[in-house]
Structure formats: C-alpha cells, structure tokens
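# Structural features, examined
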Amino acid sequence: MTLKSLFLGGAMGLTLIGTAQAEDKNIHMINCGDNTGAGIPIQAELIKNWEAENPGYKVQVEFVPWGQCQEKSTTLASAGNPPAVAYMGSRTLKQLAANDLIIPVDMTEEEKATYAKPILATITSNGKQWGLPRAFSTKALYWNKDLFKAAGLDPESPPKTWDEMYNAAKAIKEKTDADGFGLAAASFDNTMHQFLNYVYTNGGEVINEEGEIVFNSPNNVEALAFYGKMAEVSQPGPVAYDRAKLRPLFSEGKIGMFISGPWERVRVEDVNWGVAPLPVGPSGGAGTLLITDSLAVFKGSGVEEQALSLAKLLTNPENQMAFEIAEGYTPLRDMAEVKELVKEDPTWQAFLDAIPTGGPEPFVTDYVGLQDTINEAVQGVVLGEVDAAEAVEIAAEQLEEYK
C-alpha cells in the first residue's frame, strides 16, 4: 500500500467517523400533533436560539399525529433507537421509567417550587420527576345560554351541583329540540378523563398518596352511578362519542352543556355560551382532573445532557408561559401574567380556580390497562349492563395489576 493510498484511506475513515459523530449530535425531538399551533413558531425560535448557543448540535423536530406519537417514541426506544426528547402524556412516564427508557429530569427545589403540588404529582414517582410539564389542562362546564332560556332556566345561572346539572339537562331535553348534555363514553382515553372529573368533584380517588388503589369507594360508586344517570338526558348513543365529538354538537345547538378544556373557548362557534366551574357531587367539593403532557428525555440517545438542556429551556417559566398563552392551554404556573390573562378574558377563571383542589391523572405502570378498565366500567353502566357498585368493585380488583 502506498503512502498516498494509506493517507486517502485514513482520510476516508476520518470522514466516516466525522459523519457518524455529526449524526450522533442530532437531537431528534418528537412533537405530538401538527405544526399549525400558534405556539409552534415560539418553540421554533427558542430551538434556533438553543442551537446557536450549542454549536455542533442540530435539533430535528418531527411532528407525529396524536394517537401515533407516543407509540412511535416508545417503539423506537424499545428497539434501541430512541428519540432524544419526546412530547408524551405524563400518564406514560411511570411505565417508561419502570422499563428504563427515560431518565429522571433532576429538578432543583427551586424548579419544583414553581409548580402547584397537584401538578408536580403528575410527573413524580418514587421521589423523582420523570418529565418536564409542557401542556396542562383543567376542565369546566360550558352551557348554552339560549337553550337554558328556552327551557325556562336562568341563562346566567349555570348549575353548581350534580342534581342541578341533571335537572337543567332534563328540562332542555324535554322542552327544546336539543339534548340536555354531551356525554363521552367511547373507548378512548378522554372517556376515562371525563369520568375522573366526577370522581374528583365527589371526593373520590383512584390511587391515594401511599400508592394504594382506592377506586372501590362509596364516592366513586356515586360518581359512576351519576355518570350513567346523565346518559338519560344526553345525546343518543354516548358510547359512540369521545370528547372531541361533543364540540360540534354544542356549536350546532344540539346539546345544552358539555365538559371540556379551555381550548373550546376559541373553537365553539355561533353559540351564546358561558363557562363555569364543574358542578360538585353530594360527597365532594370543587375539583377537576389535572392532566399534563410532558417532555421526556429518553435514555440511550447519546445526547441526554443536551436534550435535557433543551427541554428545560423550552419549559422554563417565561418560555412556557408564552407557549401556553399562544396555544390556549391552562397556565402551569401562577405567574403575574395569569392575572392579566384573566383580566383580559374572565372565561379563564373557571379553569384556574379548580387547580388547588384538582386531582392528578393516575400515575401507573400500565396506563392502557388503567384506561381500558375504567372505560369498561363506564360503558357497562352507561349501557345499563351492570350497576355502579359492581362495576367499581370489578374495576378496583383489576387496577391492582397496573399500579
């Protein structure tokens, strides 16, 4: 071998090594949803700034539709080719951590203190935080003021209790051409979410602070029985509806009320509507389900440190607030901007008031098992196939497998 060929061969080898190193410095970020959200340009600018401060690293954001993105991230990680960071429902974090697919985010006490305790609970397991909250939602009751008036109800007085909500829905169904309430009971995650709003407004829980399954409680039997009762005054066939399908019915004046998040405020059209705190059950008080989605840093990408740095930049108080306001999410932190938000738009108040008394989405090692179990209980009662006490008893036994 000549010196020239040896040099060329060595140069080619160095080129290949250099290429591999460059590829290793790519930070693959999976973002659930599409790139049309108003917060995406804010995110893109922050990423651009981060790249400028971290030469040699390039962030590649891949937008993947909801319903596929979490599965794709998990599949890639299980196959040994994980994304560096991914947008995940916080409900998945405990399972990912148990399978050693993600790293803890090592929050400082100062960082923890920026979140309300119930919000922090959505990402904490065994004393460690496994994600950085990126999106947050609480729920409230939307009502159609014109349908209330047509049914002989006070259009400016939304129901405050379950009984008042049922009676208002019954009046609308009997005295107008609309159904009284929009009820979600499809085999989808937000059916469980909708039901948990009733659990938390009736003093119930799924898992207590000690990590014990406490689903089999009188409070939850009451909640499930009432959920089934609401089917009497809801749209026909609620098992065919997830929460997203209720908004068109509300916008078209076909239902008098439904429960959803703050994003509906800018999506409901052609309706004289109001929004109020969730009605409370006979054994509870003010509450809501607290749901967060988080940025999770996956193990084995080779750029964990940089991915965590990027995720912390995107979710720091100032940057996160700008993203939330643009996207229409409930603010994660109680900052000065929140007061201004409410001052400019009082419809935010109902979504913020419930945070201190809200309950977290249950943190389990098998989220799909949790979801399917609770959804089966809900559907069984809504369809009249089982009574609430039996459905809760069966579900509580099954949930022991997933905690």
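The structure this text deals with has already been given above.
All figures in this text were calculated on a predicted structure; none of them were measured in a lab.

Let us now look at the overall build of the protein chain. Helix and strand counts for the protein chain come out as 17 helices and eleven strands. Relative to the compact-globule value of 22 Å for 403 residues, the protein chain shows a C-alpha radius of gyration of 24 Å, a close match. If you line up the protein chain on its principal axes, its C-alpha atoms span 95 × 45 × 40 Å. Here the analysis covers contacts within the protein chain between residues at least 6 apart in sequence; of these, 76% occur between residues at least 24 apart.

Between helix H8 (residues 162–175) and helix H10 (residues 218–230), whose axes approach to 11 Å, the crossing angle comes to 10°. When the axes of H8 and H10 are compared, the pair comes out roughly parallel. Residues Trp-162, Met-165, Tyr-166 and Ala-169 of H8 touch H10, and the partners they reach there are Glu-222, Ala-223, Phe-226, Lys-229 and Met-230. Taken together, the residues of the contact of H8 with H10 sort by class into seven nonpolar, no polar and two charged.

Attention shifts here to the sheet that holds strand S8 (residues 257–260). Reading across from one edge, S8-S7-S9 is the order of the three strands in this open sheet, with antiparallel pairing throughout. The open sheet terminates on both sides in strands that have one partner only, identified here as S8 and strand S9 (273–276). Across the sheet, the mean angle separating the axes of adjacent strands is 25° when strand polarity is ignored. In this structure, strand S7 (residues 140–144) lies alongside S8, joined through four bridges in antiparallel fashion. Bridge assignment links Tyr-142 to a residue of S8, and that residue is Phe-258.

Taken as a whole, the largest pocket holds about 1500 Å³ of empty space. Around the largest pocket, the lining comprises 48 residues; the ones closest to its centre are Trp-66, Gly-67, Arg-91, Asp-189 and Asp-293. Looking at which element gives the most residues to the lining of the largest pocket, the answer is helix H3 (residues 69–78), with four residues. Of the residues in the lining of the largest pocket, the class split is 18 nonpolar, 18 polar and twelve charged.

This part takes up a negative patch on the surface. On the surface, Glu-205, Glu-209, Glu-210 and Glu-212 cluster together to form a negatively charged patch. Here Glu-205 shows up in the loop between helix H9 (189–200) and H10. We classify Glu-205 as partly exposed; its relative accessible area is 36%.

Right, let's get into helix H13 (residues 317–327). Among the residues of H13, Asn-319, Gln-320, Met-321, Phe-323, Glu-324 and Glu-327 are the ones counted as buried. Packed against the buried residues of H13 are helix H2 (40–53), strand S6 (132–137), helix H12 (304–315) and helix H14 (336–344). Looking at the residues trailing H13, positive phi occurs at Gly-328, about 85°.

Rules used in this analysis
Every residue gets a number counted from 1 within its own chain, in the order that chain's sequence is written. Residue-level local features of this predicted model are given only where pLDDT is at least 70; pairs of side-chain atoms are given and counted only at 80 or more, and the full residue set underlies all totals for whole chains, interfaces and linings. Side-chain figures throughout are based on the complete set of non-hydrogen atoms in the structure, without hydrogens or water. Helix and strand assignments come from DSSP, with helices taken as H or I runs of at least 4 residues and strands as E runs of at least 2, each series counted from the N terminus. What the globule rule says is 2.2 Å times the number of residues to the power 0.38, and the radius of gyration is computed from C-alpha atoms. Any two residues whose heavy atoms approach within 4.5 Å at even a single point are treated as in contact. Working convention: axes come from line fits to C-alpha atoms, limited for helices to the stretch in contact. Angles between N-to-C directions cover 0 to 180 degrees. In this scheme, roughly parallel covers angles under 35 degrees and roughly antiparallel covers those over 145, while 65 to 115 is roughly perpendicular and the rest are oblique. Here the term charged refers only to Asp, Glu, Lys and Arg, the term nonpolar to Ala, Val, Leu, Ile, Met, Phe, Trp, Tyr, Cys and Pro, and the term polar to all other amino acids, Gly among them. For two strands to pair, DSSP has to find at least two bridges joining them. Cavity and pocket criteria rest on a 1 Å grid covering protein atoms alone: a 1.4 Å probe that fits but cannot get out defines a cavity, protein on both sides within 12 Å along at least 5 of 7 lines defines an open pocket, and an atom within 4 Å of a point defines a lining residue. Grid points are joined across faces, edges and corners, and a volume is the space filled by probe spheres set on the points. Two joining distances apply to patches: 9 Å for like charges and 5 Å for nonpolar side chains (Val, Leu, Ile, Met, Phe, Trp, Tyr), and every residue must have over 30% relative accessible area and no salt bridge. Note on areas: Shrake-Rupley, 1.4 Å probe, and residue coverage restricted to the protein chains presented here. Throughout this description, the term salt bridge denotes a Lys or Arg side-chain nitrogen within 4 Å of a carboxyl oxygen of Asp or Glu. The charged-residue count follows a simple rule in which Lys and Arg add positive charge and Asp and Glu add negative charge, with His and chain termini not counted at all. The atoms used to mark charge sites are NZ of Lys, CZ of Arg, CG of Asp and CD of Glu. For the exposure calls, accessible area comes from a 1.4 Å probe over protein chains only, and a residue counts as buried if that area is under 20% of its type's maximum, exposed if over 50%, partly exposed in between.

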